[in-house]
Amino acid sequence: MRMGEFSRRTGVSQRSLRYYEEQGLLRPARRPSGYREYEEADVVTVRGIRMLLAAGLNTAVIAELLPCMVDEGRVLEPACSSMLPDLHRERARLDEAAAALLAARDRLDALIDLTADSGVTDEEACVVAGRARRRDHPVAGGPR
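None of the values given here were measured: they were computed from a predicted structure.

K.L.:
Which residues make up the packing of aromatic side chains, and what values go with them?
P.N.:
One pass over the full model with this rule turns up 1 aromatic pair. Arranged with centres 4.0 Å apart and planes meeting at 0 degrees, the rings of phenylalanine 6 and tyrosine 38 form a pair that is stacked. With a gap of 32 residues between them, phenylalanine 6 in helix 1 (residues 3-10) and tyrosine 38 in the loop between strand 2 (36-37) and helix 3 (40-54) connect regions that are remote in the sequence. Summarising the burial analysis for this pair, phenylalanine 6 and tyrosine 38 share the class buried. Over the aromatic face of tyrosine 35 sits the side chain of arginine 2, whose NZ or CZ is 4.0 Å from the ring centroid.

K.L.:
Could you give me a rundown of the nonpolar core, with the residues and numbers involved?
P.N.:
Formed by 22 residues in total, the largest nonpolar core has its most connected members in Phe6, Leu17, Leu26 and Leu66. If you list the elements that add at least two residues to this core, you get helix 1, helix 2 (14-22), helix 3 and helix 4 (59-65). It is helix 3 that contributes the most residues to this core, 5 residues altogether.

K.L.:
Tell me about helix 1, and please be specific about residues and values.
P.N.:
Restricting attention to buried positions, one finds in helix 1 the residues Met3, Phe6 and Ser7. Angular distribution of buried residues about the axis of helix 1 spans 100 degrees; they occupy a single face of the element. Tucked inside the fold, the buried residues of helix 1 contact helix 2, strand 2 and helix 3. Once helix 1 ends, the next one or two residues include glycine 11, with phi positive near 75 degrees.

K.L.:
Account for a nonpolar patch on the surface, with residues named and values stated.
P.N.:
Side chains of Leu108, Leu111 and Ile112 sit close together on the surface and give an oily, nonpolar patch of about 290 Å² of accessible area. In this structure, isoleucine 112 sits in helix 5 (residues 84-117). Residue classification places isoleucine 112 among the partly exposed residues on the basis of a relative accessible area of 46%.

K.L.:
Quick one: what's the story with the side chain of glutamate 90, residue by residue and with numbers?
P.N.:
Along the polypeptide, glutamate 90 turns up in helix 5. With a relative accessible area of 5%, glutamate 90 lands in the buried category. Once you skip the residues sitting within four places of it in the chain, glutamate 90 turns out to touch Gly56, Leu57 and Val61.

K.L.:
An account of the pattern of salt bridges is needed here, citing residue identities and associated values.
P.N.:
A full pass over the atoms with the stated rule returns 8 salt bridges. Of the charged contacts in the structure, one is a salt bridge between arginine 31 and glutamate 37, with a shortest N-O distance of 2.8 Å. You can call arginine 31 partly exposed: its relative accessible area is 36%. One continuous salt-bridge network, built from bridges that share partners, spans Asp86, Arg89, Glu90 and Arg93.

K.L.:
Tell me what's going on with the side chain of serine 7, and back it up with residues and numbers.
P.N.:
Here serine 7 lies in helix 1. We classify serine 7 as buried; its relative accessible area is 14%. With sequence-adjacent residues up to four places away left out, serine 7 is seen in contact with Val12, Ser13, Gln14 and Leu17.

K.L.:
How would you sum up a negative patch on the surface? Please name residues and give values.
P.N.:
Where like charges cluster on the molecular surface, the negative patch consists of Asp106, Asp109, Asp113 and Asp117. The residue aspartate 113 is located in helix 5 in this model.

Quick notes on the rules
Residues numbered from 1 in each chain as written. Predicted model: local features only at pLDDT ≥ 70, side-chain atom pairs only at ≥ 80, totals over all residues. Heavy atoms only, no water. Phe/Tyr/Trp six-rings, centres within 6.5 Å; stacked < 30°, edge-to-face > 60°. Helix = DSSP H or I, 4+ residues; strand = E, 2+ residues; numbered from the N terminus. Buried < 20%, exposed > 50% of the residue type's maximum accessible area, 1.4 Å probe, protein only. Lys NZ or Arg CZ within 6 Å of the ring centre and 35° of its normal. Core = buried A, V, L, I, M, F, W, Y, C linked by side-chain atoms within 4.5 Å. Arc of directions from axis to C-beta. Contact = heavy atoms within 4.5 Å. Patch = residues over 30% accessible without salt bridge, like charges linked within 9 Å, V, L, I, M, F, W, Y side chains within 5 Å. Areas by Shrake-Rupley, 256 points an atom, 1.4 Å probe, with all protein chains shown as cover. Salt bridge = Lys/Arg side-chain N within 4 Å of Asp/Glu carboxyl O. Lys, Arg positive; Asp, Glu negative; His and termini not counted. Charge placed at Lys NZ, Arg CZ, Asp CG, Glu CD.

Listed below in structure tokens is the structure:
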């Protein structure tokens, strides 16, 4: 099937399909005209790519893992346990990213609390208060 139909079947944009091909994740045949020709097996491959992307893996890792996946019906599944070190590494990376996001949220919550506790609701008063603070704390206000 050609790219437009394949895109409709998979729900993946043509731009994404071209990107997957650039990354070596998909290898459609080419017609003499240069048009890409996708097979039914490519539908399952794209579903697997989407599943791995949704799991937080980048395309470089997916390119490493995809050959170790097998078609077991509607989705690709791991074929061997040799993938485990890569999967554990990616899980640790996601854990670190999640911890960083939670820390950022905590800092934002603290800023929200401090802002709410300031009691200043008039925008012009906020500007005046900010100027006064910068005069009192020149380092916090930066160079002048």
